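# Observations on the three-dimensional arrangement
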There are 6 protein chains.
Amino acid sequence: MKPKVSRAVYPGSFDPVTYGHLDIVARALRIFDEIIVAVAHNEEKHPVFTVPERVEMLKEATREMAGVTVDDFDGLAVAYVRQKKAHVLIRGLRAVSDFEYEFQMALTNRQFDKEVETLFMMPSQEYSFLSSKLIKEAAALRGDVSSFVPPFVAKLLTQKLVRS
Amino acid sequence: MKPKVSRAVYPGSFDPVTYGHLDIVARALRIFDEIIVAVAHNEEKHPVFTVPERVEMLKEATREMAGVTVDDFDGLAVAYVRQKKAHVLIRGLRAVSDFEYEFQMALTNRQFDKEVETLFMMPSQEYSFLSSKLIKEAAALRGDVSSFVPPFVAKLLTQKLVRS
Amino acid sequence: MKPKVSRAVYPGSFDPVTYGHLDIVARALRIFDEIIVAVAHNEEKHPVFTVPERVEMLKEATREMAGVTVDDFDGLAVAYVRQKKAHVLIRGLRAVSDFEYEFQMALTNRQFDKEVETLFMMPSQEYSFLSSKLIKEAAALRGDVSSFVPPFVAKLLTQKLVRS
Amino acid sequence: MKPKVSRAVYPGSFDPVTYGHLDIVARALRIFDEIIVAVAHNEEKHPVFTVPERVEMLKEATREMAGVTVDDFDGLAVAYVRQKKAHVLIRGLRAVSDFEYEFQMALTNRQFDKEVETLFMMPSQEYSFLSSKLIKEAAALRGDVSSFVPPFVAKLLTQKLVRS
Amino acid sequence: MKPKVSRAVYPGSFDPVTYGHLDIVARALRIFDEIIVAVAHNEEKHPVFTVPERVEMLKEATREMAGVTVDDFDGLAVAYVRQKKAHVLIRGLRAVSDFEYEFQMALTNRQFDKEVETLFMMPSQEYSFLSSKLIKEAAALRGDVSSFVPPFVAKLLTQKLVRS
Amino acid sequence: MKPKVSRAVYPGSFDPVTYGHLDIVARALRIFDEIIVAVAHNEEKHPVFTVPERVEMLKEATREMAGVTVDDFDGLAVAYVRQKKAHVLIRGLRAVSDFEYEFQMALTNRQFDKEVETLFMMPSQEYSFLSSKLIKEAAALRGDVSSFVPPFVAKLLTQKLVRS
């Protein structure tokens, strides 16, 4: 018997990838055979890292996770999910404030494509307060963020953000 | 290739089953081959329907959904998930107030069994405000609840709750 | 030209009436000619005061407000609104936690009667944290609640709740 | 007998008008004789449409609703309400996240003018997750937003936002 | 120079004491010389443990913390704080749902005694989702709660709650 | 006996200082001997007032409060707390929306320095909805903000914000 679903898409900004994101990927891999981590083009949010930089960081960070591919996409997330012949979209839910925005976005996405289902997963408790935004703020203030992101990401953050 | 996961458990009170619950079951069936809808023994909450009544209603309501089985369980939900050789626990998230409680319960469950993953799914928007509690209150006040629950459930609710 | 709406219903438990409720009535009277304050029969919530006692307290407390009538009702609030030939139902919104429950209830009510519109009003800031429940708890612990409810209500609360 | 209130003001950004806004206008018209939909000057938010464009869209969208006038205003909303000899300010409440901000703004407004009362109304459930912001994001990504806004607005959004 | 404040009261139900409560006590001890942990009489909440049992458990659990005394009180918490010649009341804030209730209670307390100040402290992240209620539910279902409460408390919970 | 803690740091943007901030300072002074009000350098938020301007306003506004010093800091707040040989960081909690962000920030801060404890205090109810952001918006629209901020701050706000 073939699995009903073997592929899921995990879209996001990943600016930069955190241990929270990686935790979600690892959890999703226990349920689905293949996870496509997809970096959104969102220049209007003034990301710190370019799309190719974010893709590269994700590839490095997921190198040892079998079943993960990293990609980027432009346009609606649901359109990308369809294009990859998947119909599951994964989102991590943190303890703070995510929920209402995520709910609204998932309902909007469903309006665009009723066949794509959003699944919400919960990161490990220790990462449930991690926010890329706070991490960037802390790094800019010379805070040591190596307990929030992989070491090579921490280094890149410092290079980009610390005013010398 | 075997599916990584083909079975998921959807535990709850189902006192009584609503169109919102049935919507979640249908959505979950598009992802998993088998859904076990599991009625919790929760006498301390003074349910309106007994466990056998709730199991019976669910069986009737899911009769035409291939891949659904209905069961009941005592003890921790995660222990039941394990016993059924599954490792996915499904919960529906409504627009109101569920999230914090669900998050807390999912973290507690994870503490009891790290291998069981909770997946949150979102019912159709028209059901995102449905609450078994409000439905019971309305039925007790002679409100017509047939747009919230299947007709035979509405009838049973009236029999149980309307003071004659 | 006749007013489109001249009558509104303000349903609730009023167990007991607080300065927050009275503030909402006064505000509603500036918009509508007639406000019917309607006490719900809700024995399942084990109210401290009986329906006749609550009606009596409301009558006393609104005695000098022209345009207010006090009544009680059994059944759905929207059915009562219709029966009184009104189509506006007023609810006060406090700063804490009310909103999601009120939203859910208003949507449920709309399902029962699409012609009845719920209007939410905001009490004065000093009353935006008042809760009948906390007031009852405080009175039972011999707290002086006379800044939250009219003096005669404070007295009745003490009579009912303080263990002698 | 003259109506106590026959005129209410519904201020907002309307960048652009959505079916949710129009639903609120229609509901308000069942209670008040005259609704003034008032577009706020808010250049600091970098609106997609100019004030005259937003006024024009609202006029077109409310053309068949008797009792609606469309205007724009600079300065405080409560000052505008007064200037129009009204004392009711209408705000729509969506299911997500609006409430706290709306509550805070309504209390601030009350500080500026105690005579102006804010009434909160609830859009139809199908519009309770609509957000002008998400609609603009979706349109920019070539999403079809015609189930969220009138067709002519969808067309204008595409003209403004889609990078050719 | 004498300290401005050397004594703080930490009131609560403690039914039963959890690692989260003990974490708050330890943190408070770094700021204040003396912490009085005060068990509220709240029979109306049908606690699992009696007041003397809860006092005993707290004494045992804080035995090695210098500066802690355990007591119980009837009546308003602020009245008790005053009676102990303190003017600081400590409350722990968890990640979920506590805040609005705590805010409301603190404002109510301030109404009763303007001199008593409520300080909110945050437990360690690993305890930020602990809830005495969920722990009791889990223990009743034979869940192993020894990562949430001290071993002797887990044992007592099992004795009280597990239906044999 | 020496006080355990006699110094606390109250960091923030203070753009500009409001009566809510001053209320927190006064409350904190009843518990600690010395409060350092510390203005954060946060150019990325495009503050209306420069750091020296904000420091000056705070000095003027706290002139008659014994035990208050005003300073500014660059970098992480917890690093500044340490540098001042304090280990308590004070934050005010308003009724709206603050909590989740504050909780997240406090947990992040704790990650950077486990010895610094965040204490949350509650402003007087009349200030619990004050927001520097809303005050700036109102001042820009020529609203009279003198019930929210000291008169000299209101005057400076008008000078900076009103388009002449």
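These lines cover the structure that appears in this document, whether it is placed above or below.

What counts, and at which threshold
- Sequence order as written defines the numbering, with residues in each chain counted from 1.
- Chains carry letters and ligands carry numbers; both start at the beginning, A for chains and 1 for ligands, and go up in the order they are written.
- Note on the predicted model: pLDDT of at least 70 is required for a residue's local features to be given, and 80 or more for side-chain atom pairs to be given and counted; whole-chain, interface and lining totals, by contrast, use all residues.
- Hydrogens and water are ignored here; the side-chain numbers use all heavy atoms of the structure.
- A helix here means a DSSP run of H or I that spans at least four residues, while a strand means a run of E at least two residues long, and both kinds are numbered starting from the N terminus.
- Each radius of gyration reported is based on C-alpha atoms, and the globular scaling rule is 2.2 Å times the count of residues to the power 0.38.
- Per-residue accessibility, obtained with a 1.4 Å probe over protein chains only, is compared with the maximum for each type, and a residue is labelled buried under 20%, exposed over 50%, and partly exposed between these values.
- Every residue pair with non-hydrogen atoms within 4.5 Å of one another is taken to be in contact.
- Basic side-chain nitrogens of Lys or Arg form a salt bridge, by our definition, when they fall within 4 Å of a carboxyl oxygen of Asp or Glu.
- In the analysis that follows, any N or O atom pair within 3.5 Å is treated as a polar contact, provided that within protein one partner can donate a hydrogen and the other can accept it, and provided that, for residues neighboring in sequence, both atoms belong to side chains.
- Residues were grouped as follows: Ala, Val, Leu, Ile, Met, Phe, Trp, Tyr, Cys and Pro as nonpolar; Asp, Glu, Lys and Arg as charged; and all remaining residues, including Gly, as polar.
- Here the copies are matched by least squares. The fit uses the C-alpha atoms of residues with pLDDT of at least 70 in both.
- Buried area counts how much accessible surface, traced with a 1.4 Å probe, disappears from two parts once they are put together, with both parts' losses summed.
- Each patch groups residues whose relative accessible area exceeds 30% and which form no salt bridge, using 9 Å between like charges and 5 Å between nonpolar side chains of Val, Leu, Ile, Met, Phe, Trp and Tyr.
- Throughout, the Shrake-Rupley method with a 1.4 Å probe supplies accessible areas, and for residues the shown protein chains are the sole cover considered.
- Under the convention used here, Asp and Glu are negative, Lys and Arg are positive, and both His and the chain ends fall outside the count.
- The atom standing in for a charge is NZ when the residue is Lys, CZ when it is Arg, CG when it is Asp and CD when it is Glu.
- Space inside and on the surface of the protein is sampled on a 1 Å grid over the protein atoms alone, with a cavity defined as a set of points where a 1.4 Å probe fits but cannot get out and a pocket as an open set with protein on both sides within 12 Å along at least 5 of 7 lines; lining residues have an atom within 4 Å of a point.
- Grid points are joined across faces, edges and corners, and a volume is the space filled by probe spheres set on the points.
- What counts as a ring pair is set by centres within 6.5 Å for rings of Phe, Tyr and Trp (its six-membered ring), and what kind of pair is set by the plane angle: stacked under 30 degrees, edge-to-face over 60, tilted for all other angles.
- The arc refers to the directions leading from the helix axis to the C-beta atoms.
- To obtain an axis, a line is fitted to C-alpha atoms, over the contacting stretch when the element is a helix, and the angle between two such axes runs from 0 to 180 degrees between their N-to-C directions.
- The cut-offs work like this: below 35 degrees is roughly parallel, past 145 is roughly antiparallel, 65 to 115 is roughly perpendicular, and the gaps in between are oblique.
- When DSSP finds at least two bridges between two strands, those strands are taken to pair.
- Clockwise travel from the first strand over the helix to the second, with the strands pointing away from the viewer, marks a crossover as right-handed.

A tally of helices and strands in chain A yields 6 helices and 5 strands. Going from the N terminus to the C terminus, chain A shows its helices and strands as β-α-β-α-β-α-β-α-β-α-α. Radius of gyration (C-alpha) of chain A: 16 Å, near the 15 Å computed for a compact globule of 164 residues. Summarising its shape, the C-alpha atoms of chain A cover approximately 55 × 30 × 30 Å along the three principal directions. Expressed as a percentage of the 164 residues in chain A, the buried residues total 60%.

The subject of this paragraph is the interface of chain E and chain F. Taken together, the contacts link 34 residues of chain E with 34 residues of chain F. The tally of links between chain E and chain F comes to 6 salt bridges. The partner of R27 of chain E in a salt bridge is E117 of chain F, with the nearest N and O atoms 3.1 Å apart. Here chain E and chain F share 13 residue pairs in polar contact (both at pLDDT 80 or more) between them. When the residues that make up the side of chain E that touches chain F are grouped by side-chain class, the tally is 19 nonpolar, 5 polar and 10 charged.

A word on the relation of the copies chain E and chain F. With an axial shift of 0.0 Å and an RMSD of 0.0 Å, the rotation relating chain E to chain F amounts to 180°. Taken together, these values place the two copies in the relation of a two-fold axis. Comparing interface residues between copies, 100% of those in chain E also sit at the interface in chain F, which points to an isologous, same-surface contact.

Quick look at the pattern of salt bridges now. One pass over the structure, following the stated rule, counts 78 salt bridges over all chains. Of the charged contacts, one joins E117 of chain B and R30 of chain A as a salt bridge, the two residues approaching to 3.3 Å between their closest N and O atoms. Of this pair, E117 of chain B sits in strand 5 (residues 117–121) while R30 of chain A sits in the loop between helix 1 (19–29) and strand 2 (34–40), placing the two residues on different chains. Classification of E117 of chain B as buried rests on a relative accessible area of 1%. Its relative accessible area of 28% is what places R30 of chain A among the partly exposed residues.

This next bit is on the relation of the copies chain D and chain A. Its rotation angle being 120°, the transformation that places chain D on chain A also includes 0.0 Å of axial translation and leaves an RMSD of 0.0 Å. Read as a symmetry element, the transformation amounts to a three-fold axis.

The partner chain A presents 13 residues to the 17 residues of chain D that form the contact. Carbon and sulfur atoms supply 65% of the area buried between chain D and chain A, which totals about 1200 Å² over both sides. It is F129, L134 and L141 of chain D that lose the most area in chain D upon contact with chain A, and together they represent 42% of the buried surface on that side. Scanning the region where chain D abuts chain A turns up 0 salt bridges. When its residues are assigned to classes, the side of chain D that touches chain A shows 9 nonpolar, 4 polar and 4 charged.

This part is about the environment of L76 of chain F. All names here are of chain F. Within the secondary structure, L76 is located in the loop between strand 3 (68–73) and helix 3 (77–83). Taking relative accessible area as the criterion, L76 reaches 12% and is therefore assigned buried. Separated by 13 residues in sequence, L76 and R63 place their C-alpha atoms 27 Å apart.

Residues and elements named next belong to chain B. Within the fold, S132 resides in helix 5 (residues 132–140). Of the residues examined, S132 reaches a relative accessible area of 19% and is grouped as buried. For S132, the residues in contact, after removing those within four places along its chain, are D15, P16, T18 and H21.

Right, let's get into a negative patch on the surface. All names here are of chain B. Together, E43, E44, D72 and D74 give the surface a local cluster of negative charge. Here D74 shows up in the loop between strand 3 (68–73) and helix 3 (77–83). A residue is classified by how much of its surface remains accessible, and D74, at 47% relative accessible area, is partly exposed.

Using the criterion set out here, one finds 2 cavities of 30 Å³ or more in the structure. Counted as a void, the second largest cavity has a volume near 30 Å³. Taken together, T108 of chain D together with F129, L130, S131, L134, I135, A138 and F148 of chain F make up the lining of the second largest cavity. Here the lining of the second largest cavity gets 3 residues from one element, more than from any other, and that element is helix 5 (residues 132–140) of chain F. When the residues that make up the lining of the second largest cavity are grouped by side-chain class, the tally is 6 nonpolar, 2 polar and no charged.

Turning to the packing of aromatic side chains, a few remarks are in order. A full pass over the atoms with the stated rule returns 33 aromatic pairs over all chains. Members of the aromatic cluster, joined through ring pairs, are F103 of chain A, F129 of chain B, F103 of chain C together with F129 of chain D.

Here we take up helix 1 of chain A. For helix 1 of chain A, the buried fraction is high: 9 of the 11 residues fall into the buried class. By the burial criterion, the buried members of helix 1 of chain A are G20, H21, L22, D23, I24, V25, R27, A28 and L29 of chain A.

A few words now on helix 2 (residues 51–61) of chain D. Residues and elements named next belong to chain D. Looking only at helix 2, the buried set comprises V51, R54, V55, M57 and L58. Angular distribution of buried residues about the axis of helix 2 spans 160°; they occupy a single face of the element. Elements in contact with the buried residues of helix 2: strand 2 (34–40), strand 3 (68–73) and helix 6 (151–161).

For the rest of this paragraph, the subject is the packing of helix 2 (residues 51–61) of chain F against helix 6 (residues 151–161) of chain F. Residue and element names in this part refer to chain F. Packing of helix 2 against helix 6 brings their axes to within 11 Å, and their N-to-C directions diverge by 155°. Overall, the two elements helix 2 and helix 6 adopt an arrangement that is roughly antiparallel. Here E53, M57, E60 and A61 of helix 2 lie close against helix 6, whose contacting residues are F152, V153, L156 and K160. Considered class by class, the residues forming the contact of helix 2 with helix 6 number 5 nonpolar, no polar and 3 charged.

All names here are of chain A. P16 follows D15 through a cis peptide bond whose omega is 5°. By the secondary structure assignment, P16 is in the loop between strand 1 (7–12) and helix 1. For H46, which is not glycine, the phi torsion reads 50° and is therefore positive. Taking the relative accessible area as the measure of exposure, H46 reaches 67% and is therefore exposed.

All right, on to the pairing of strand 2 (residues 34–40) of chain F then. The side chains of a regular strand alternate between both faces of the sheet. Residues and elements named next belong to chain F. The element strand 2 is extensively covered by neighbouring structure, given that 6 of its 7 residues are classed as buried. Bridge count for strand 1 (residues 7–12) against strand 2 is 6 bridges, and the pairing is parallel. By the bridge assignment, V9 is partnered in strand 2 with I36. Handedness of the β-α-β unit built from strand 1, helix 1 (residues 19–29) and strand 2 comes out right-handed. As judged from the 6 bridges shared by strand 2 and strand 3, these two strands associate in the parallel manner. Residue pairing for strand 3: A38 is matched across the bridge by D71. What joins strand 2 to strand 3 is helix 2, and the crossover it makes is right-handed.

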